[in-house]
There are 2 protein chains.
Amino acid sequence: MKSAETRENILDAADRLFYRQGYENTSFADIADEVRISRGNFYYHFKSKDEILDAVIEARLSDTRDMLRQWEADSDDPADRIRSFIRIVIVNGADIERFGCPVGTLNAELAKLDHGAKDNAVALFGLFRSWLTEQFVALGRTEDADDLAMHVLAFSQGVASLSNAFRDPAFVEREVDRMCRWLDGILAPTG
Amino acid sequence: MKSAETRENILDAADRLFYRQGYENTSFADIADEVRISRGNFYYHFKSKDEILDAVIEARLSDTRDMLRQWEADSDDPADRIRSFIRIVIVNGADIERFGCPVGTLNAELAKLDHGAKDNAVALFGLFRSWLTEQFVALGRTEDADDLAMHVLAFSQGVASLSNAFRDPAFVEREVDRMCRWLDGILAPTG
DNA sequence: TCAGAAATAGGACAAATATCCTAGATCAAA
DNA sequence: TTTGATCTAGGATATTTGTCCTATTTCTGA
């Protein structure tokens, strides 16, 4: 069945273009050109632009789950896992400099468009949020685990936003270091 | 001369709509409807959409300078001034929940559009950055004043992004408190 | 091999949009 | 009051975009 492959190609191109150009600013023609497919074929696989967006978000959710699982596999230490998250802004530094955080910028755009898929995009944030919360719970911070998770999320969004604006890798590294020190402080409180 | 007034009205409407709907997603018709003016009249005052964007950013730069001056007038204490900045996310909380940070979201959108006005938008960030830097210098942190300024900026961007996603005022307050405690730590180091 | 289903191509179309153009209205100064 | 500049309205246009439709090609199972 060739269908699944074409669908996958469309999805990949849409994912990439939505990230780089934004959802609204990406046309069917853009995607079709990238996949080297006709608009007609396009509509055979996706009935509307909204449907592609839903599928793209679904794919990102799935990819994110895989990444989180990978981080879990990489280390049993919740602190290490959290550090894996903190370092995303370095690992994906080049893309973030050019296009911002894929989660944050999609969410911001959909909020402005008042688009129905915004909740799905928020679910992407939710994935990181609940995963980070789990790690903090595992570290014994049962009561404020969610607050700490949100703090770490906020860090990554702030760094991504300014990285996209000023394009200064040194700033990103400094903030990552600072965040890691903060995490160390969480682990071994001085009080 | 009625001209200046009409131009001002167009600018106000464009500013508001660009913030709420995004630049790309706001059409001339949208602005014209809001101002109750014809498209023709429109083009008498602005030759292109890009020209309006430039003017909007210019206006925001001017408004921001006024706000910073006001904060300077409100207190001679640099720490108080920095706290004024930190509290923006609460003062403008309602708008940020719905539309995100006007600076950050515009910047993100223009980066994706690869729009020439992106540098102007970054200048908006730059205004806050240099102002915050000045305050930290006044606090005696000459060496790392800019780093600290960027850290405070990153805070506001992170909080704005997540506020826009999750719409939780309690989170915003917690992060503001945390940031103020961090600032206190800067002022009176324990070491 | 062959019929029916699946997949693809590309033209057609209506709506939206940025921009242009021209005619009419308004206003300030002589 | 008249004249010329300024301002405004709205139609015209070319382009883009999302969507639909039909014809053709490719694949699959009997």
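For the structure itself, consult the block above.
Let me sum up the structure you'll find in this document.

### Re the protein's contact with DNA strand D
Here is step 1 of the chain: Close to DNA strand D lie 19 residues, the nearest being B:S3, B:S38, B:G40, B:Y44 and B:H45.
Here is step 2 of the chain: Counting only atoms of DNA strand D within 4 Å of the protein, the fraction found in sugar and phosphate groups is 61%.
Here is step 3 of the chain: Contact distances for DNA strand D include 2.8 Å between a phosphate oxygen and a backbone N or O atom of A:F28.
Here is step 4 of the chain: A distance of 3.0 Å is found between a phosphate oxygen of DNA strand D and a side-chain nitrogen or oxygen belonging to A:K49.
Here is step 5 of the chain: Of all elements in the fold, only α3 (39-45) of chain A together with α1 (3-21) and α3 (39-45) of chain B reach the threshold of two or more residues within the surface near DNA strand D.
Here is step 6 of the chain: Here the surface near DNA strand D gets five residues from one element, more than from any other, and that element is α3(B).
Here is step 7 of the chain: Its residues placed into classes, the surface near DNA strand D shows six nonpolar, nine polar and four charged.

### Side note on the state of the cysteines
Here is step 1 of the chain: Scanning the model with the defined rule gives zero disulfides over all chains in all.
Here is step 2 of the chain: This cysteine, A:C101, is not joined by any disulfide, and B:C101 carries the nearest cysteine sulfur, 15 Å off.
Here is step 3 of the chain: Of all cysteine sulfurs in the structure, the one in A:C101 sits closest to A:C180, which takes part in no disulfide; the separation is 18 Å.
Here is step 4 of the chain: Taking relative accessible area as the criterion, A:C180 reaches 16% and is therefore assigned buried.

### Description of the interface of chain B and chain A
Here is step 1 of the chain: Contact residues are listed per partner, giving 40 residues for chain B and 40 residues for chain A.
Here is step 2 of the chain: The largest per-residue losses of area from chain B upon contact with chain A belong to B:K112, B:M150 and B:F166, which jointly make up 21% of the total buried on that side.
Here is step 3 of the chain: Where chain B meets chain A, there are two salt bridges.
Here is step 4 of the chain: A:R174 is paired through a salt bridge with B:D147; the nearest N and O atoms lie 3.1 Å apart.
Here is step 5 of the chain: At the surface where chain B touches chain A, the tally comes to 18 residue pairs in polar contact (both at pLDDT 80 or more).

### Some thoughts on the relation of the copies chain B and chain A
Two copies of a chain can be linked by a rotation about an axis combined with a shift along that same axis.
Here is step 1 of the chain: Its rotation angle being 180 degrees, the transformation that places chain B on chain A also includes 0.0 Å of axial translation and leaves an RMSD of 0.0 Å. The operation mapping one copy onto its partner corresponds to a two-fold rotation axis. Every residue of chain B has its C-alpha some distance from the rotation axis, and the shortest such distance is that of B:G158, at 1.9 Å.
Here is step 2 of the chain: Both copies present the same face, since 100% of the interface residues in chain B are matched by interface residues at the equivalent positions in chain A.

### Describing the packing of aromatic side chains
Here is step 1 of the chain: One pass over the full model with this rule turns up 20 aromatic pairs over all chains.
Here is step 2 of the chain: Aromatic pair A:F85 and A:F128: ring centres 5.4 Å apart, planes at 55 degrees, arrangement tilted. Of this pair, A:F85 sits in helix α5 (residues 78-86) while A:F128 sits in helix α9 (residues 118-138); the two residues are 43 residues apart in sequence, bridging distant segments of the chain.
Here is step 3 of the chain: Centre to centre, the rings of A:F125 and B:F166 are 6.0 Å apart; their planes meet at 50 degrees, and the pair counts as tilted. With A:F125 in helix α9 and B:F166 in helix α10 (residues 145-166), this residue pair bridges two chains.
Here is step 4 of the chain: Since its relative accessible area comes to 1%, A:F125 is described here as buried.

### A look at the packing of α5(A) against helix α11 (residues 169-187) of chain A
Residue and element names in this part refer to chain A.
Here is step 1 of the chain: Closest axis-to-axis distance for the α5/α11 pair is 10 Å, and the angle between their directions is 160 degrees. As judged from the angle between their axes, α5 and α11 are roughly antiparallel. Our pair here, α5 against α11, has a crossing hand that is right-handed. Of the residues in α11, those in contact with A79, I82, R83 and I86 of α5 are V176, M179, C180, L183, D184 and L187.
Here is step 2 of the chain: Residue composition of the contact of α5 with α11, grouped by class: eight nonpolar, no polar and two charged.

### Some words on the protein's contact with DNA strand C
Here is step 1 of the chain: In the vicinity of DNA strand C lie 18 residues, with A:S3, A:S38, A:G40, A:Y44 and A:H45 positioned nearest.
Here is step 2 of the chain: In DNA strand C, atoms within 4 Å of the protein come 62% from sugar and phosphate.
Here is step 3 of the chain: Between DNA strand C and A:R39 there is a distance of 3.3 Å, counted from a base nitrogen to a side-chain nitrogen or oxygen.
Here is step 4 of the chain: A distance of 2.5 Å separates a phosphate oxygen of DNA strand C from a polar side-chain atom of A:Y44.
Here is step 5 of the chain: Those elements that place two or more of their residues in the surface near DNA strand C are α1 (3-21) and α3 of chain A together with α3 of chain B.
Here is step 6 of the chain: A total of five residues in the surface near DNA strand C trace back to one element, the largest contributor, which is α3(A).

### Remarks on the pattern of salt bridges
Here is step 1 of the chain: One pass over the full model with this rule turns up 20 salt bridges over all chains.
Here is step 2 of the chain: In this structure, B:R129 engages B:D146 in a salt bridge whose closest nitrogen and oxygen atoms are separated by 2.8 Å. Of this pair, B:R129 sits in helix α9 (residues 118-138) while B:D146 sits in helix α10, placing them 17 residues apart in sequence.
Here is step 3 of the chain: Looking at B:R129, the relative accessible area reads 19%, which means it is buried.
Here is step 4 of the chain: By relative accessible area, B:D146 is classed as partly exposed at 26%.
Here is step 5 of the chain: Via salt bridges that share partners, A:D80, A:R83 and A:D184 belong to a single interconnected network.

### Here's the deal with unusual backbone geometry
Here is step 1 of the chain: Unlike most non-glycine residues, A:D114 shows phi in positive territory, near 55 degrees.
Here is step 2 of the chain: As for its placement among the helices and strands, A:D114 is situated in the loop between α8 (102-113) and α9.

### A few points about the environment of A:G140
Residue and element names in this part refer to chain A.
Here is step 1 of the chain: With respect to the element layout, G140 can be found in the loop between α9 and α10 (145-166).
Here is step 2 of the chain: Among the residues examined, G140 registers a relative accessible area of 52% and is labelled exposed.
Here is step 3 of the chain: For the pair G140 and E175, spaced 35 residues apart in sequence, the C-alpha to C-alpha distance is 25 Å.

Conventions used here
- Residues numbered from 1 in each chain as written.
- Chains lettered and ligands numbered in written order.
- Predicted model: local features only at pLDDT ≥ 70, side-chain atom pairs only at ≥ 80, totals over all residues.
- Heavy atoms only, no water.
- Near = heavy atom within 4 Å.
- Polar contact = N/O pair within 3.5 Å; in protein donor to acceptor, adjacent residues only side chain to side chain.
- Helix = DSSP H or I, 4+ residues; strand = E, 2+ residues; numbered from the N terminus.
- Nonpolar A, V, L, I, M, F, W, Y, C, P; charged D, E, K, R; others polar.
- Disulfide = S-S within 2.5 Å.
- Buried < 20%, exposed > 50% of the residue type's maximum accessible area, 1.4 Å probe, protein only.
- Contact = heavy atoms within 4.5 Å.
- Buried area = accessible area lost by both parts, 1.4 Å probe.
- Salt bridge = Lys/Arg side-chain N within 4 Å of Asp/Glu carboxyl O.
- Least-squares fit on C-alpha atoms with pLDDT ≥ 70 in both.
- Phe/Tyr/Trp six-rings, centres within 6.5 Å; stacked < 30°, edge-to-face > 60°.
- Axes fitted to C-alpha atoms, helices over the stretch in contact; angles between N-to-C directions.
- Parallel < 35°, antiparallel > 145°, perpendicular 65-115°, else oblique.
- Left-handed = near helix turned anticlockwise from the far one by under 90°.

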